[in-house]
Amino acid sequence: MPMLSFLIRRLLQTIPTVLAVVMLVFVLFSVVPGSIASTMSDDVDPQVELRLKQQLGLDDPLYVRFGNYIAKLATGDFGTSFRTREPVTSMIAKRAWPTLQLIFTAMAFSVVVGVPLGFIAALRPGGLVDTLAMVVAVSGLSIAKFWLGLMIMYVFALKLGWLPSFGYGDGGLKYLLLPAVTLGVSPMALFARTTRAAVLEIMSADFVRTARSKGMSEVRVVKWHVMRNALVIILTTVGLQFGGLMGQAVVVEKLFSWPGIGSLLVDSVLQRDIPAVQGSILVVVLAFLAINLLIDLLYGVIDPRIRYA
Amino acid sequence: MTGAPLIEVEDLRIDIGDGRSRVAAAEGVSFRIDRGETFGLVGESGCGKSITALALIGLLRPPLSIGSGVIRFDGHEIQHLSAAAQRDLRGNRIAMIFQEPMTALNPVSPVGRQIAEMFVLHKGKSWREANKLAVEALASVRVPAPERRVNDYPHQLSGGMRQRVMIAIALACGPDLLIADEPTTALDVTVQAEIIELMRNLCAERGTAILMISHDLGLVANVCRRVAVMYAGRIVEERGSTDIFRAPSHPYTKGLVDSLPRLGSRAALGRSRLKEIAGVVPAIANFPDGCRFNPRCASATDICRSVVPTADFLEAGGLVRCHHHA
C-alpha cells in the first residue's frame, strides 16, 4: 500500500497550499482600491456605498471576514457572487467545462505536434527538419498570445472564413479550434525543444550504445530504448505546462469570448466581485494540484526507479 | 596459428575529425585473433584501444571514422559493409560488453526484456519464446532465481549482477567473438574475479574468442593467451602473455611491467619505491615524430626522434616496434 499512503499524504499536503492561496487573495483584495460599490458607477452616494458594504459584510474586520469565509469553504460553500447574487459554485460549474475543453484540446494539440517535432529534430540534429522545427519552437515561445490569437482570427475566420472568429457556439470543435491552437502554440514549442534536448541526451547514453551493439536498427533503438526514457522528461514538462495553461487561458478566453473560468476571473476582478475571484482562483489552484499529483503517480508507471515512499 | 583467423585487422587507421581536419587517433593497427582464442589489448586511457574495438563492431560514431585498412571477419572484409549487413553481424556474431554496467543497461526496461531482444533481433523468435530463452540465458550466467530476476530493473541489481546480465546479452546469440572493453574496471576486486572467471568459462565452453581490452596488464595477461600493447594509437609490442611478463621487449611494456605492484616484493627485495613511467601520454593532435614513446623513453636516440620503427618479429614469437629493443 505505499501508493495509497503516498496519495493520502499528498492530498493532506494540499491543505496548507490551498489555505495560503485563499489567504493571499483575501489580503490582496483588502488592499486594492475600490469595491463592488465603486465599480458600479463613477459617483456613488457614500451612504449607498456604506449600506452596500454592510449588506455584503465588507465592513467587518479582515480577520472576521476571513474566518467566515474559511468556515463556509469547509462546507463546500464558495459564497455568493456580489454581481449576480448567484452561488459562486454554480457560476464556476457552468464555466468549468468550457475551460477544461479549451485546456485539454490545447494540450492535446501541443503534445501531438510538439513531441514528434522534437523527436524528428533530434534524430537529425543540424538537418533541415531540425532547423525548421527550432525556428517554429523559438517563434512559438516568443509570440505574444493576444497577437497570435488576433492573427489566427484574422486569417482563418475573417480572410478564409473557415472557422468562426469567436464565441462558444455549440461548444463543438469548430468553435474550439482557434482558441485551443492559440493557447497551445507556446507549450507546443516548449515540448518540441524539451523533447529534442531529452532525445539528444539519451541518444548519447551508454545504454543506447549497448542497444546499437546488439545490432538494432536506429528505428528500433529509438522505439525500444529512447522513447520511454524521453517520456519521463517530457511528462515533467507537460505537468508544469498544465499549470501555465490555466493562467494563459485567461487571456485566450477573454480574446475569443470563451465562457470559461478565465473570463469569469477577469470580469470578477474588474468588478471587485471578491467571492467569485476567490472561487475561480481556488478552482484553478485545485486543478493545478490535482494534475501535478496525477503526473507524480504517472512517473511511477513509466520509471521503475521511482518509488512512493 | 593454423587455418584462417576469425578476425584479422590489417593496417587499420581510425580518424578523428571531419574532412578538412583529420587526425589519426590510431594507425597501423594490425592483429589477428583465431577462433576460440583469447587476445588482449592493453594501454593507457586514450591510447586507441577502445576505438579499435568499436571499429571492429562497427560502432564508431562521428567524429570518429575508419580512415583506411582492412578488417576481415571470417574471411570477409567487413569495414565497408552496408549498415544492414553490419547489424546482422553485430550482436549476433560479434558481441560487446562495456565498462559501466550501471549505465550500459536501459534503466526503464526489465533486464529479461533486454536479453530477450537479442533472440527477437537475430533468431526470429517471438517475444514469448524470447522471454523463455532470456530466463535460460540468465541462468547460464549464474544469476540466482532467474525466473524472478528477469522482471527486475537494472537499479534493483548489484554491479556484479548487472555485468552478468551484460554477459548474458552478449553471449545470447552464441557469437564467434566477444569484445570485452574494461569489463570489470567498475567492479569490486572480488566481484571482478568472479566475472572474469564466468566470462572465460562460458567462452571456452562455446568456443567464443575474446578480445579483452584493459589498462590492467596483469588482468589481461591472466585471461589472454596473447597480448598486444598499444601506445599513442599504435601497437608497440605483441607477445604471448607469459613472455610479455617475463621478458618485455619494448621500453614502454617494460615500464608497464615494472610499475605493477608485486605481493611479497618487500620481503624479497627490501623496501623500494614502485616504479613509474615519467611523463604523460601525448595528445592526439601532437603526437611526436618517429617513435611516439621517445619523449618518455630513457634509451631514446636520434633515430627514435625521426624514424617510425617498423615491426621486428621476435624469434620467440610476437613482434615489437622499437629501434633498440632487447
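Computed from a predicted model, the values in this text were never measured in an experiment. (Residues numbered from 1 in each chain as written. Chains lettered and ligands numbered in written order. Predicted model: local features only at pLDDT ≥ 70, side-chain atom pairs only at ≥ 80, totals over all residues.)

Novice: Any chance you could break down the overall build of chain B for me, citing the residues and the numbers?
Specialist: Across its full length, chain B holds 12 helices and 12 strands. For chain B, the C-alpha radius of gyration of 21 Å lies close to 20 Å, the compact-globule estimate for 326 residues. Across its three principal axes, chain B shows a C-alpha extent of roughly 65 × 55 × 40 Å. Taken over 326 residues, chain B has a buried fraction of 43%. Here the contacts in chain B between residues at least 6 apart in sequence split such that 63% fall between residues at least 24 apart. (Helix = DSSP H or I, 4+ residues; strand = E, 2+ residues; numbered from the N terminus. Rg over C-alpha atoms; globule rule 2.2 N^0.38 Å. Buried ≥ 20, exposed ≤ 12 C-beta atoms within 10 Å, placed from the backbone. Contact = placed C-beta atoms within 7 Å.)

Novice: Let's hear about the overall build of chain A: which residues, and what values?
Specialist: Across its full length, chain A holds 11 helices and zero strands. Mapped from its N terminus to its C terminus, chain A presents α and β elements in the order α-α-α-α-α-α-α-α-α-α-α. The burial tally for chain A puts 34% of its 309 residues in the buried class.

Novice: Let's hear about the packing of helix H4 (residues 88-123) of chain A against helix H10 (residues 261-270) of chain A: which residues, and what values?
Specialist: Residue and element names in this part refer to chain A. Taken N-terminus to C-terminus, the directions of H4 and H10 make an angle of 130°; their axes are 7 Å apart at the nearest point. Judged on the interaxial angle alone, H10 and H4 are oblique. Along its contact with H4, which presents Met91, Ile92, Arg95, Ala96 and Thr99, the element H10 presents Ile261, Gly262 and Leu264. (Axes fitted to C-alpha atoms, helices over the stretch in contact; angles between N-to-C directions. Parallel < 35°, antiparallel > 145°, perpendicular 65-115°, else oblique.)

Novice: I'd love a proper account of the sheet that holds strand S5 (residues 76-77) of chain B, names of residues and values included.
Specialist: Residue and element names in this part refer to chain B. With antiparallel pairing, four strands are arranged side by side in an open sheet as S2-S1-S4-S5. Strand pairing shows two members of the sheet lacking a second neighbour, strand S2 (23-33) and S5, which therefore form its edges. Relative to strand S4 (residues 64-73), strand S1 (residues 7-16) is paired through eight bridges, and the arrangement is antiparallel. Bridge assignment links Val9 to a residue of S4, and that residue is Ile71. (Pairing = 2+ DSSP bridges.)

Novice: Can you break down the interface of chain B and chain A residue by residue, with the values?
Specialist: Residue-level contacts link 23 residues of chain B with 19 residues of chain A. Elements that contribute at least two residues to the side of chain B that touches chain A include exactly helix H2 (83-89) and helix H3 (111-122) of chain B. If you tally residues by element for the side of chain B that touches chain A, the top one is H3(B), at four residues. Among the residues making up the side of chain B that touches chain A, the classes are represented as 12 nonpolar, six polar and five charged. (Nonpolar A, V, L, I, M, F, W, Y, C, P; charged D, E, K, R; others polar.)

Novice: Report on the confidence of the model for chain B, specifying residues and quantitative values.
Specialist: Close inspection of predicted coordinates is inappropriate in any region flagged by low pLDDT. Model confidence for chain B is summarised by a mean pLDDT of 87, while 97% of its residues fall at 70 or above. Interface predicted TM-score (ipTM) for the complex: 0.87; the corresponding pTM is 0.79. (pLDDT = per-residue confidence, 0-100.)

Novice: Describe the packing of H3(B) against helix H4 (residues 127-140) of chain B, with residues and values.
Specialist: All names here are of chain B. H4 packs onto H3 with a crossing angle of 115° between their chain directions and a minimal axis gap of 8 Å. For the pair H3 and H4, the sense of crossing is right-handed. Within the contact between the two elements, H3 uses Gly112, Ile115, Ala116, Phe119 and Val120 and H4 uses Trp127, Glu129, Ala130, Asn131, Leu133, Ala134, Val135, Ala137 and Leu138. Taken together, the residues that form the contact of H3 with H4 break down as 11 nonpolar, two polar and one charged. (Left-handed = near helix turned anticlockwise from the far one by under 90°.)

Novice: Which residues make up the sheet that holds strand S11 (residues 312-313) of chain B, and what are the values?
Specialist: All names here are of chain B. The strand order across the open sheet built from eight strands is S6-S7-S8-S3-S9-S10-S12-S11, with neighbouring strands paired in mixed fashion. The open sheet has two edge strands, strand S6 (94-97) and S11, and neither has a second partner. In this sheet, strand S8 (residues 209-214) lies alongside strand S3 (residues 38-42) in parallel orientation, the contact comprising five bridges. If you follow Leu41 over to S8, its bridge partner there is Ile213. Of the strands in this sheet, S6 and strand S7 (177-181) touch helix H6 (residues 159-171), which is tilted by about 170° from S6. Across the sheet, helix H10 (residues 251-258) touches strand S9 (226-231) and strand S10 (234-240), and the angle it forms with S9 is around 105°.

Novice: Before we move on, could you go through the nonpolar core and cite the residues and values that matter?
Specialist: Among the nonpolar cores identified, the biggest contains 153 residues, and B:Ile115, B:Ala168, B:Leu178, B:Ile179, B:Leu211 and B:Val229 are the most heavily contacted of them. Of the residues forming this core, the biggest block, 16 residues, is contributed by helix H7 (residues 173-203) of chain A. Beyond its immediate stretch of four places on either side in the chain, B:Leu178 contacts B:Ala95, B:Ile97, B:Ala170, B:Leu171, B:Cys203, B:Thr208 and B:Ile210. (Core = buried A, V, L, I, M, F, W, Y, C linked by C-beta atoms within 7 Å.)

Novice: Just give me the short version of the environment of A:Ile302, but keep the residues and values in it.
Specialist: Along the chain, A:Ile302 falls in helix H11 (residues 274-302). Through-space distance from the C-alpha of A:Ile302 to that of A:Asn229 is 8.4 Å; in sequence the pair is 73 residues apart. The residues touching A:Ile302, leaving out its near neighbours within four places in the chain, are A:Arg228, A:Leu231, A:Val232, A:Leu235 and B:Val108.

Novice: Account for unusual backbone geometry, with residues named and values stated.
Specialist: Residue and element names in this part refer to chain B. Residue Pro63 follows Pro62 across a cis peptide bond; omega there is 10°. Relative to the helices and strands, Pro63 is located in the loop between helix H1 (49-57) and S4. Residues other than glycine seldom take positive phi values, yet Ala145 does so here, at roughly 50°. Looking at where Ala145 falls in the secondary structure, it is placed in the loop between H4 and helix H5 (146-149). Phi is positive for Ala232, which is not a glycine, with a value near 50°. Classification of Ala232 as buried rests on a count of 24 C-beta atoms within 10 Å.

Novice: Which residues make up H10(A), and what values do they have?
Specialist: Residue and element names in this part refer to chain A. Residues of H10 that are buried: Ile261, Gly262, Ser263, Leu264, Leu265 and Ser268. The secondary structure elements touched by the buried residues of H10 are H4, helix H9 (218-255) and H11. Once H10 finishes, Arg272 follows within two positions and takes phi at roughly 55°, a positive value.

Novice: Give me the pairing of S8(B): which residues, what numbers.
Specialist: Residues and elements named next belong to chain B. Within S8, six of the six residues are buried, which leaves the element mostly enclosed by the surrounding structure. Burial along S8 is two-sided: Ala209, Leu211 and Ile213 facing one way and Ile210, Met212 and Ser214 facing the other are all buried. Once the chain exits S7 it traverses helix H7 (residues 189-206) before rejoining the sheet at S8, and the crossover so formed is right-handed. (Right-handed = clockwise from strand over helix to strand, strands pointing away.)

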